[in-house]
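Architecture and fold: a report
One-letter residues, chain by chain:
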Amino acid sequence: MLIVFVAPVIAVAKESVTNHSMQELFALENTTSYQYDEKRHLELLDQPWSGAGLLFASTDGTLIKLQLQPHRKIMAITPTEMIYFDQEQDERHRMPLGFIHPLTHQALMFQKLFLGKNDFSEQYAVEYSRTDSSWSVEIKPQKSGQTDLLKSITMKGSLTDQLRYLEMTEFNGDSSVLSIQPIESGQHLDYTIERLLREATGQ
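An account of the accompanying structure is given in this report. (Residues numbered from 1 in each chain as written. Predicted model: local features only at pLDDT ≥ 70, side-chain atom pairs only at ≥ 80, totals over all residues. Heavy atoms only, no water.)

Some points on the overall build of the protein
Note the following rule: Only DSSP runs of H or I reaching four residues or more are called helices, and only runs of E reaching two or more are called strands; each is numbered from the N terminus. Three labels apply to residues, based on accessible area from a 1.4 Å probe with only protein chains included: buried if under 20% of the type maximum, exposed if over 50%, partly exposed otherwise in between. Note on contacts: a residue pair is in contact if any heavy atoms of the two residues lie within 4.5 Å.
Across its full length, the protein holds 3 helices and 12 strands. When the 203 residues of the protein are sorted by exposure, 43% land in the buried category. Put simply, of all contacts in the protein between residues at least 6 apart along the chain, 50% involve residues at least 24 apart.

Thoughts on the side chain of Gln67
Stated formally: Polar contact criterion, stated in full: a pair of N or O atoms within 3.5 Å, where within protein one must be able to donate a hydrogen and the other to accept it, and residues adjacent in sequence count only if both atoms are side-chain atoms.
If you trace the backbone, Gln67 turns up in strand β4 (residues 63–69). Among the polar contacts listed, one links the side chain of Gln67 to the backbone oxygen of His71, at a separation of 2.8 Å. Leaving out residues up to four positions away in the same chain, Gln67 has contacts with Tyr36, Trp49, Ala52, Gly53, Arg72, Lys73 and Met75.

Re the packing of aromatic side chains
Inclusion rule: Paired rings are identified among Phe, Tyr and Trp, the last through its six-membered ring, by centres lying within 6.5 Å, and are further divided according to the angle between planes into stacked (under 30 degrees), edge-to-face (over 60) and tilted (the rest). In this scheme, Lys NZ or Arg CZ marks a charge over a ring once it lies within 6 Å of the ring centre and within 35 degrees of the ring normal.
As enumerated under the stated definition, the model contains 0 aromatic pairs in all. Sitting over the ring of Trp49, Arg40 keeps its end group 4.4 Å from the ring centre. Seen from the ring of Phe85, Arg92 lies directly overhead, with NZ or CZ sitting 4.1 Å from the centre.

As for the pattern of salt bridges
This is how the line gets drawn: A carboxyl oxygen of Asp or Glu within 4 Å of a side-chain nitrogen of Lys or Arg is what we treat as a salt bridge.
A full pass over the atoms with the stated rule returns 8 salt bridges. The salt bridge partner of Lys140 is Glu138, with a shortest N-O separation of 3.9 Å. A relative accessible area of 39% places Lys140 in the partly exposed class. We classify Glu138 as partly exposed; its relative accessible area is 25%. A single network of salt bridges, built from pairs that share partners, joins Glu38, Arg40 and Lys65.

Re helix α3 (residues 189–201)
Test applied: Given the number of residues in a helix, its expected span is that number minus one, multiplied by 1.5 Å. By arc we mean the arc of the directions from the helix axis to the C-beta atoms, nothing more.
Look at α3: 19 Å from first C-alpha to last across 13 residues, which is about the 18 Å you get at 1.5 Å a residue. Here α3 has its buried residues at Leu189, Ile193, Leu196, Leu197, Ala200 and Thr201. The arc that holds the buried residues of α3, viewed along the axis, is 125°, so those residues lie on one side. Downstream of α3 by a residue or two, Gly202 has a phi angle that is positive, lying close to 75°.

Here's the deal with the environment of Ile193
Note that Ile193 resides in helix α3. Residue classification places Ile193 among the buried residues on the basis of a relative accessible area of 6%. In this structure, the C-alpha to C-alpha distance between Ile193 and Ser58, residues 135 residues apart in sequence, is 8.5 Å. Apart from the residues lying within four places of it in its own chain, the contact partners of Ile193 are Thr31, Phe56, Ser58, Thr62 and Ile64.

Here's the deal with the pairing of strand β11 (residues 164–170)
What counts, and what does not: Note: two strands are recorded as paired if DSSP finds a minimum of 2 bridges between them.
Bridge count for strand β10 (residues 150–158) against β11 is 7 bridges, and the pairing is antiparallel. Looking at β11, one finds that Lys156 is bridged to Tyr165. Count of turn residues in the β10/β11 antiparallel hairpin: 5 residues. Here 6 bridges tie β11 to strand β12 (residues 175–185), and the two strands are oriented antiparallel to one another. Its bridge partner being in β12, Arg164 is matched across the sheet by Ile180.

Given below as structure tokens:
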């Protein structure tokens, strides 16, 4: 998911990210579902790629991206592994999060964002910006390395509604924008997550 989100240019006061500010903006109190729309801008494509579907996030760090358009896919991050299932191609992949790879490194960063954690290593610069009506958190690696796919990750939102924008830019020039709108929360969504994980792993 990479992002280009165009917003009005405004002067903002910048401050260091604290655990309080991260938890205030992101921390989950219960399992939550979101509707998302995604646009990817790829160097090899003349037109942006578009997708849409649902996201599920639980307090244990499990994240599931259920792509419904243009065709059905399940992409999951659990506390221990990454899972990928393409229903149209009947293709499945699993990778332990302990395996050193740029994709697992990226997955761990997303977990921290959705859980409102600010325990990013010293390899990353984290900048928190806030006005009376909006906020943003930008994360950048201090220097590029083999464990980094992303040049930057930015989460943006309004203080008056729950719509969020996740913007990502890769070192190769590709980028994407993900708009996220909460739908509902509650323990009943844990059953949906469990069902999707069983489907993705072929159980």
